[in-house]
Amino acid sequence: MRVWIAVASAVVGVLLASLLTDHGHAFATSWWLGASAFTAGLALVARDATRLVLPIALVLLFAGLTTLRTLETPRDALPRISTSDAVISVEGIVTSVPTAEPPPQGPLAPFINRADAVTTWLAVSRVQVNDAWQPASGRLLLRTQGRNLPHAQPGDRVRVLGVYTAPRDRMNPGEPPRLRLAAQSGYVGVLDSSSPALLERVAAPQGLTRLIALREHMRQRARLIFDNALTHADPESRALARSLLLGNTDDPASTDIAQTFTRLGLAHVLSISGFHLTVMALVALYLLRLTGDRGWVEPTLVAIAVLLYTLIVPFEAPIARSALMVLSLLLVDATGRRYDRVCVLGLITLALIAWRPLDVTNLGFQLSVGLTALLLWAAEPMQWRLFGQPVRGLIETRPTVFSQLFAGFKSSAAIALMCWLVSLPVLMYSTGLISPLGALATLVVSPLIVAALWAGYISLALGVIAPPLALPAAWVLQHVVSLSAWAARTIDAAPASSLAVPRPALWWTILATIALVVLVRIAHQLRWRTIALTLVLIAATGVLSLVLRPSQPPLRVLTLAVGDGTCMLVTSRDDALLWDCKTAPRAGVLPGIVAATRAAGVSRVPRVVITHPDIDHFAGLFDILAPLHVEHVLVPPRFLAQAQQDPRGAAALIVRELAERNITLSPITAGHTLALGPTRATFLAPLPSTDFANDNDHSLVLLLETPSTTAVTRVLLTGDIGPQAITSLLASTTLPALDAIELPHHGSFNDASANLITLSSPRIVLQSTGPRRLNDPRWIPSQRDRTWLITARDGAISLEITPAGTLRTRTFAPRPALP
């Protein structure tokens, strides 16, 4: 209990420092550590209050460690030396094999234009500034245009010229704190080089850099083994195998299988975690024990095997975290002492939090540590509750094959139900999904995943020595992984296999998780009636938290920062629609748009409006259809005309896909109205007779009118209308005075757009754009005496209208650079 109270104190310290930073009240590390030392000193004086004072000291200590690891970067960190968009020359060590950048994924991938590029990682050692070299540090992603691989291999010291881009902070609600995560991992940005010829090899691997070259050679060999062994596997099974054993998620097929596992509550299964390495350790210990009792030699040899395994997979944080957990437990076994494994895991967790504080908000970390601790602490009592507690006596019965299999089934069923039940509140909060079949999926898929891991580990071990020896294990791996993917897809296809739920309150998520942990631990001491009443009470408080949460305002327009594109969430009380849906950066396991809508308190968006047939306005459509339960897509007539004219185009693909998914697609012209809560939504353009040459001029235009106690608030959404459409709109419609307007075509300046701003006289202008339209001086006269908000500068923009008719704006402004 004392160990896990210390872990809870550490988590509170991390969250406290993060919360203060989010609100602009960060304190220096020295302040936190000084306060922690003072508080710990009080514990020595006031011994009667030690149990209260020491947790407070730990809270302050880990708040200081969080500040140190995520805010106070080294003086020679590259972002401290150079600014974004600067042309710089960097020298460093290549730490990964140059690989082609993975292509865009999803049904619309063929229509997304992105230049080919090759990426590799550099450990920066120095940078040239003003013709002078100076020391620098950090992990830099080198991106070279084209398909030609640069003449550099891991371990080489290279010098490269390119355009530098520093890390940026989160831009949208629901996103993780990207800038602090970058500081925690030592990531310092991207260097874009226009040609491999701009990379010069300075020195070959020597000394310690030879180890980097050896490590990457082993990784390449492992990838080659997989490519040869899984040649005949389908793309989805191959992606699943590479994700499980090599941590590789770059395969486009991995997206579909990842979504399937996420809907079933099994997202953590696809990442290399403590579970994977624990399986490998248990298998190795079992094989060694067959040769006799070797004492401390057994865990030592297994620890060496774990270290070797970490050399052939990308050494990212989840792998390092898992390796530390397993190695620590093996070390405890090697001492011959009977340490309590739950306590040991708690101490390991404290070390992990000190190393990477922000991981406490990561779903993978929470499930990896939490479910492992639960497995060690409560699996046996849960099995007793389900199947009865065995009577321990002196009479021994010889186990049969059937009894052993049945015992294994009972243990697996208890663990599956326990993990599903306890992780439910966290998954609801993080993903917005409940999987009623999650326990069944865990029970069916987990043994198959374990078998796949056994076959994969054996295949890798034998393949590194002699590739032909790996073929039998690889054959088993291929078929077991295919069966795992098939089982997951079959369960996911069942009716009500996953249900979308509103995001519960954070306080309920924490309290419900604690209550469920205690419940499964003491379940064998309780009657079924007591257990059922407890579960009903937990569910009732969850519903009550949803009922009591603040209601949505009469109108809110949330403009997401999606670069040169548009995605606006319009909510009015309990109703919502999306005005365009350009892809937003992913936020953990969720697509960026879905994460932002959930952060805004919205779980269902029944309508999506695609203003016109340009992909920068609908590239994220397929990411949101299922998670947001879209029922109706509205488009201008030009969209359907383009689909008929080009059957192989993006518009035609969307028409076909929506028909297959039974989602209504409707053409909309001027005069159509929508009931959006208390807001009246009227389409003003395009006119049915519109015949412009430019697609942008066929864009939909929507007027939102929201009544309040004092007046009617009006907001105009304009899409990408150009000069001809603006002229036609002003000629056909008597435009009322506006309170806010979406700047047409992301802020591309023309006289018609400037005239529209002058005539409508909005108090607030919303401009959704990337950096290239950020500071156009031609808009300066129009910006006077009004609030002008730009996503490229201010991040996502929230415009809210209160019941009294007051307009409020909020921005998610990014921090300029690492401090």
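Our subject is the structure that appears above.
One structure accompanies this document, and this report is about it. Keep in mind that this is a model prediction, so the values were computed, not measured. (Residues numbered from 1 in each chain as written. Predicted model: local features only at pLDDT ≥ 70, side-chain atom pairs only at ≥ 80, totals over all residues. Heavy atoms only, no water.)

1. Some points on the overall build of the protein
Threshold: Secondary structure follows DSSP: runs of H or I at least 4 residues long count as helices, runs of E at least 2 residues long count as strands, and numbering of each begins at the N terminus. C-alpha atoms define the radius of gyration, and 2.2 Å times the number of residues to the power 0.38 defines the globule rule. Exposure is judged per residue with a 1.4 Å probe applied to protein chains only, and the accessible area is read against the type maximum: over 50% gives exposed, under 20% gives buried, and values in between give partly exposed. We call two residues in contact whenever any of their non-hydrogen atoms come within 4.5 Å of each other. Just so you know, the count uses Lys and Arg for positive and Asp and Glu for negative, and it drops His and the chain ends. By convention, the point assigned to a charge is CZ for Arg, NZ for Lys, CD for Glu and CG for Asp.
What the protein contains, in helices and strands, is 26 helices and 25 strands. Computed over the C-alpha atoms, the radius of gyration of the protein is 29 Å, within 12% of the 28 Å expected from 2.2 N^0.38 for a compact globule of 819 residues. Projected onto its principal axes, the C-alpha coordinates of the protein cover approximately 95 × 70 × 65 Å. Counting every position in the protein, which comprises 819 residues, the buried fraction comes to 50%. Within the protein, contacts between residues separated by at least 24 positions form 71% of all contacts whose residues are at least 6 apart in sequence. Taking the average place of the 66 positive charges on the side chains of the protein and the average place of its 53 negative ones, the gap between the two points comes to 9 Å.

2. Quick notes on the nonpolar core
Put simply, the rule is: For the purposes of this section, nonpolar cores are sets of buried Ala, Val, Leu, Ile, Met, Phe, Trp, Tyr and Cys residues that join through side-chain atoms within 4.5 Å.
Counting residues in each nonpolar core, the largest one holds 41 residues, and the members touching the most others are Leu578 and Val608. Put simply, the parts of the chain that give this core at least two residues each are strand S12 (567–572), strand S13 (575–581), helix H19 (592–599), helix H20 (621–624), strand S15 (632–635), helix H21 (637–645) and helix H22 (650–660). Examining the composition of this core, we find that 6 residues originate from one element, H22, more than from any other. Excluding anything up to four places from it in sequence, leucine 578 contacts Cys567, Met568, Leu569, Ile593, Val605, Arg607, Val608, Val609, Ile624 and Leu628. Among the nonpolar cores identified, the runner-up in size contains 29 residues, and Ile257, Val445, Ala452 and Val480 belong to it.

3. Focus on empty space enclosed by the protein
Worth spelling out the cut-off: Lining residues are those with an atom within 4 Å of a point, where the points come from a 1 Å grid over the protein atoms alone and group into cavities, where a 1.4 Å probe fits but cannot get out, or pockets, open sets with protein on both sides within 12 Å along at least five of seven lines. Grid points are joined across faces, edges and corners, and a volume is the space filled by probe spheres set on the points.
With the rule as written, the count across this model stands at 2 cavities of 30 Å³ or more. The computed volume of the largest cavity comes to approximately 60 Å³. Around the largest cavity sit Leu684, Ala685, Pro686, Leu687, Thr690, Phe692, Asp697, Ser699, Ala725, Ser728, Leu729 and Ser732, which together line it. Secondary structure elements with two or more residues in the lining of the largest cavity: strand S18 (679–685) and helix H23 (723–732). By residue number, the principal contributor to the lining of the largest cavity is H23, which donates 4 residues.

4. A word on the pairing of strand S3 (residues 117–129)
Successive residues of a regular strand alternate their side chains across the two faces of the sheet. Basically, it comes down to this: We call two strands paired when DSSP finds no fewer than two bridges between them.
Two elements, strand S1 (residues 86–94) and S3, share 6 bridges in a ladder whose sense is antiparallel. Each bridged residue has a counterpart across the sheet, and for glycine 92 the counterpart in S3 is valine 124. Direction of pairing for strand S2 (residues 99–100) relative to S3: antiparallel, over a ladder of 2 bridges. The residue of S3 that forms the bridge with alanine 100 is valine 118. Direction of pairing for S3 relative to strand S5 (residues 139–145): antiparallel, over a ladder of 7 bridges.

5. What to know about the packing of aromatic side chains
So the rule is basically this: The criterion for an aromatic pair is that two Phe, Tyr or Trp rings (for Trp, the six-membered ring) have centres within 6.5 Å, with stacked assigned to planes under 30 degrees apart, edge-to-face to planes over 60 apart and tilted to the rest.
Counted according to the given criterion, the structure contains 6 aromatic pairs. Taking the centre distance of 5.8 Å and the plane angle of 80° together, the rings of phenylalanine 618 and phenylalanine 639 count as edge-to-face. One end of the pair, phenylalanine 618, is in the loop between strand S14 (607–609) and H20; the other, phenylalanine 639, is in helix H21, with 21 residues separating them in the sequence. Phenylalanine 618 gets classed as buried once you look at its relative accessible area, which sits at 2%. When its relative accessible area of 0% is taken as the criterion, phenylalanine 639 is described as buried. The interplanar angle of 80° and the centroid separation of 5.0 Å between the aromatic rings of phenylalanine 749 and tryptophan 779 together place this pair among those described as edge-to-face. Remark: tryptophan 779 occurs in the loop between strand S22 (764–767) and helix H25 (780–783) and phenylalanine 749 occurs in the loop between strand S21 (740–742) and helix H24 (751–760); sequence separation between them is 30 residues.

6. Let's talk about the pattern of salt bridges
Threshold: The salt bridge criterion pairs a side-chain nitrogen of Lys or Arg with a carboxyl oxygen of Asp or Glu, the two atoms within 4 Å.
Per the stated rule, a full pass over the model turns up 20 salt bridges. Close ionic contact of aspartate 156 with arginine 201 constitutes a salt bridge, the shortest N to O distance being 3.3 Å. One end of the pair, aspartate 156, is in the loop between S5 and strand S6 (157–165); the other, arginine 201, is in strand S8 (residues 199–203), with 45 residues separating them in the sequence. By relative accessible area, aspartate 156 is classed as buried at 3%. One connected set of salt bridges, linked through shared partners, spans Glu91, Arg126, Arg157 and Arg159.

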